[in-house]
Amino acid sequence: MASLTDLAGIGRDTRRGGYSRHGFDRAELDLREWFTAEATRRDLDTETDRNGNLWAWWGRPGPDAVITGSHLDSVPGGGAFDGPLGVVSALQAVDSLRAKGFTPSKPFAIVVFAEEEGGRFGVACLGSRLMTGSIRPETALRLTDSGGVTLAEAVTAAGLDPTRFGRDDEALSRIGCFVELHVEQGKGLAVPVGVASSIMAHGRWRFTFTGQGNHAGTTLIADRRDPMLPASQLVLAARRAAVGDARATVGRIVPNPGGTNVIASTVDVWVDARAAEGARELVEQISEDAWRAAEEEGCELVVREESYGDTVHFDTALRDDLAGVLGGVPALPTGAGHDAGILAARVPTAMLFVRNPTGISHAPEEYAEPADCEAGAVALTAVLEHLAR
Ligand SMILES: [Zn+2]
């Protein structure tokens, strides 16, 4: 049986702890190789689609297919479960269905989406967004990683043809429904398995403050235009604005040039904002405080929306159907984005969640009990059997 321990050695991050596996980097390519070998061992036919998503078909590809899967990439210093649990559980489900003598009467495939976390190129769910056409290929291919490598260059190095990137109606038209199993990422589940009801509206914004780089020792305080000042106000404004269920986070600040004895000339600050409805309004509010703080320090500010996804409500009929198959498990909303959320706009889509006892995710301490992971794989097996019969 496939197991998460098979992947334990791939993409370890010795500096941050946990794993750093990003779209088309060495670790993620090694994981793709692992997946391809596992699929081949099961006589599944693998193919990489135009946008670098990996598919493994049980039987012939075709319309009205039952699709399950997740992603293998991680955030920087991420946990072992976010993504790989859904892929490993899908392989386990195929094994269990075969052991029962079940053969799907519908086309059936496992999919591994590319760069779900946006850990390398900054846009989450890149593979599924490209496939569904929710990001333009020319925009995506120009994205750069921290080393200045463009997505176009990275996929070319991985043996893909960037000129073929973009909305893939052929791949989409085959999907009858998509079910993604994923570790739950809050503390939302008191039982081993649940289904998703909705995903919060979610976006990423980049704030660039520009001041005047200068000497930390000789520049009088009164003469400074230090972009770090409004940047720090932005961090506080994000916290102030996030009331109720809304969430706003600054997890990344990059001062340029970044010297201890240097007043920065520019500072880039990324804001991740989420809300049940209206994450853009939340950021407008945060931006007002940032503009004011920039003005007070004599700095300029440019705000760019790097990605945005509206609130996702999963297909109610499919959700209720699956909850019923699983004996009435709870349905819960989530603040975490997923490829399933991108696909939900185009095809009937559902998610199964596996309990996360600590609520820690996107960190090395992310955890799920082995018994709960097994319950998740059993639930996924039951759901796929129900859908593909
Ligand atoms: Zn994930």
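Residues numbered from 1 in each chain as written. Predicted model: local features only at pLDDT ≥ 70, side-chain atom pairs only at ≥ 80, totals over all residues. Heavy atoms only, no water.

**Quick look at empty space enclosed by the protein**
Here is step 1: Per the stated rule, a full pass over the model turns up one cavity of 30 Å³ or more.
Here is step 2: What lines the largest cavity is F24, N51, A114, E115, L126, G127, L130, L151 and F165.
Here is step 3: If you tally residues by element for the lining of the largest cavity, the top one is helix 3 (residues 126–132), at three residues.
Here is step 4: Among the residues forming the lining of the largest cavity, the class breakdown is six nonpolar, two polar and one charged. (1 Å grid on protein atoms, 1.4 Å probe; cavity = no way out; pocket = protein on both sides within 12 Å on 5 of 7 lines; lining within 4 Å. Points joined across faces, edges and corners; volume = space filled by probe spheres on them. Helix = DSSP H or I, 4+ residues; strand = E, 2+ residues; numbered from the N terminus. Nonpolar A, V, L, I, M, F, W, Y, C, P; charged D, E, K, R; others polar.)

**Concerning the side chain of N356**
Here is step 1: Mapped onto the fold, N356 is located in the loop between strand 15 (349–354) and helix 11 (370–388).
Here is step 2: A distance of 3.0 Å separates the side chain of N356 from the backbone oxygen of E184, its partner in a polar contact.
Here is step 3: Ignoring sequence-local partners within four residues, the contact set of N356 consists of V183, E184, Q185, G186, K187, S361 and Y367. (Polar contact = N/O pair within 3.5 Å; in protein donor to acceptor, adjacent residues only side chain to side chain. Contact = heavy atoms within 4.5 Å.)

**Section: the packing of helix 7 (residues 228–241) against helix 8 (residues 279–296)**
Each pair of packed helices can be described by the angle between their axes along with the distance between the axes.
Here is step 1: At a minimum axis separation of 9 Å, helix 7 and helix 8 run at an interaxial angle of 150°. If you check the angle between helix 7 and helix 8, you find them roughly antiparallel. Helix 7 and helix 8 meet at a crossing whose hand is right-handed. Residue-level contacts link P230, Q233, L234, A237, A238, R240 and A241 of helix 7 to L282, Q285, I286, D289, A290, A293 and A294 of helix 8.
Here is step 2: Broken down by class, the residue content of the contact of helix 7 with helix 8 amounts to ten nonpolar, two polar and two charged. (Axes fitted to C-alpha atoms, helices over the stretch in contact; angles between N-to-C directions. Parallel < 35°, antiparallel > 145°, perpendicular 65-115°, else oblique. Left-handed = near helix turned anticlockwise from the far one by under 90°.)

**Some words on a nonpolar patch on the surface**
Here is step 1: On the surface, a nonpolar cluster with roughly 380 Å² of combined accessible area is contributed by M228, L229, V235, L236 and I253.
Here is step 2: Its location among the elements puts L236 in helix 7. (Patch = residues over 30% accessible without salt bridge, like charges linked within 9 Å, V, L, I, M, F, W, Y side chains within 5 Å. Areas by Shrake-Rupley, 256 points an atom, 1.4 Å probe, with all protein chains shown as cover. Salt bridge = Lys/Arg side-chain N within 4 Å of Asp/Glu carboxyl O.)

**With respect to the state of the cysteines**
Here is step 1: Enumeration over the complete set of coordinates arrives at zero disulfides.
Here is step 2: Free cysteine C177: the closest other cysteine sulfur is in C125, separated by 19 Å. (Disulfide = S-S within 2.5 Å.)

**Topic: helix 7**
Here is step 1: Here helix 7 is 14 residues long and its end C-alpha atoms lie 20 Å apart, about the 20 Å a rise of 1.5 Å per residue gives.
Here is step 2: Residues of helix 7 that are buried: P230, A231, L234, A237, A238 and A241. One face of helix 7 carries all of its buried residues, which in axial projection span an arc of 115°. Turned more than 90 degrees from where helix 7 packs its buried face, R239 and R240 sit exposed.
Here is step 3: Taken together, the buried residues of helix 7 touch strand 7 (201–210), strand 9 (247–256), strand 11 (266–275) and helix 8. (Expected span 1.5 Å × (residues − 1). Buried < 20%, exposed > 50% of the residue type's maximum accessible area, 1.4 Å probe, protein only. Arc of directions from axis to C-beta.)

**Points about the environment of G176**
Here is step 1: Mapped onto the secondary structure, G176 falls in strand 5 (residues 175–183).
Here is step 2: Judged by relative accessible area, which is 19%, G176 ranks as buried.
Here is step 3: Setting aside anything within four residues of it in sequence, one finds G176 in contact with D64, A65 and P348.

**Let's talk about the pairing of strand 5**
Here is step 1: When you tally the buried positions in strand 5, you get nine out of nine residues, the bulk of the element.
Here is step 2: In the sheet, strand 3 (residues 65–71) pairs with strand 5 via four bridges, with the strands oriented parallel. Bridge pairing links V66 to C177 in strand 5. (Pairing = 2+ DSSP bridges.)

**Re the nonpolar core**
Here is step 1: Grouped together as the largest cluster of nonpolar side chains are 50 residues, with contacts concentrated most on W34, F35 and L352.
Here is step 2: Looking at which element gives the most residues to this core, the answer is helix 2 (residues 84–99), with eight residues.
Here is step 3: Setting aside anything within four residues of it in sequence, one finds W34 in contact with A2, D6, L7, L72, V87, V88 and L91.
Here is step 4: With 26 residues, the next largest nonpolar core counts A241, A248, A273 and A275 among its residues. (Core = buried A, V, L, I, M, F, W, Y, C linked by side-chain atoms within 4.5 Å.)

**Structural notes on the pattern of salt bridges**
Here is step 1: Across all of its chains, the model carries 21 salt bridges by this definition.
Here is step 2: Residue R26 pairs with D30 through a salt bridge whose shortest N-O separation is 2.9 Å. With R26 and D30 both in helix 1 (residues 26–41) and four residues apart, this pair spans about one turn of that helix.
Here is step 3: R26 gets classed as exposed once you look at its relative accessible area, which sits at 53%.
Here is step 4: Using a relative accessible area of 29% as the deciding quantity, one classes D30 as partly exposed.
Here is step 5: Note that R292 and D289 form a salt bridge whose closest N and O atoms lie 3.2 Å from each other. Here D289 and R292 lie together in helix 8, a separation of three residues that amounts to about one turn.
Here is step 6: Residue class for D289 comes out partly exposed when judged on its relative accessible area of 22%.
Here is step 7: What you see here is one network of salt bridges that share partners, running through E38, R41, R42 and D95.

**Overview of the packing of aromatic side chains**
Here is step 1: Going through the model one piece at a time under the given rule, you end up with five aromatic pairs.
Here is step 2: Between R21 and the ring centre of Y19, over which it is positioned, the NZ or CZ distance is 3.8 Å.
Here is step 3: The ring of Y308 has R280 sitting right over it, with the charged end atom 3.9 Å from the ring centre. (Phe/Tyr/Trp six-rings, centres within 6.5 Å; stacked < 30°, edge-to-face > 60°. Lys NZ or Arg CZ within 6 Å of the ring centre and 35° of its normal.)

**Quick notes on the side chain of S361**
Here is step 1: The topology assignment puts S361 in the loop between strand 15 and helix 11.
Here is step 2: Within polar-contact distance, the side chain of S361 engages the side chain of E366 at 2.5 Å.
Here is step 3: Once residues within four sequence positions are removed from consideration, S361 is found in contact with D82, Q185, N356 and E366.

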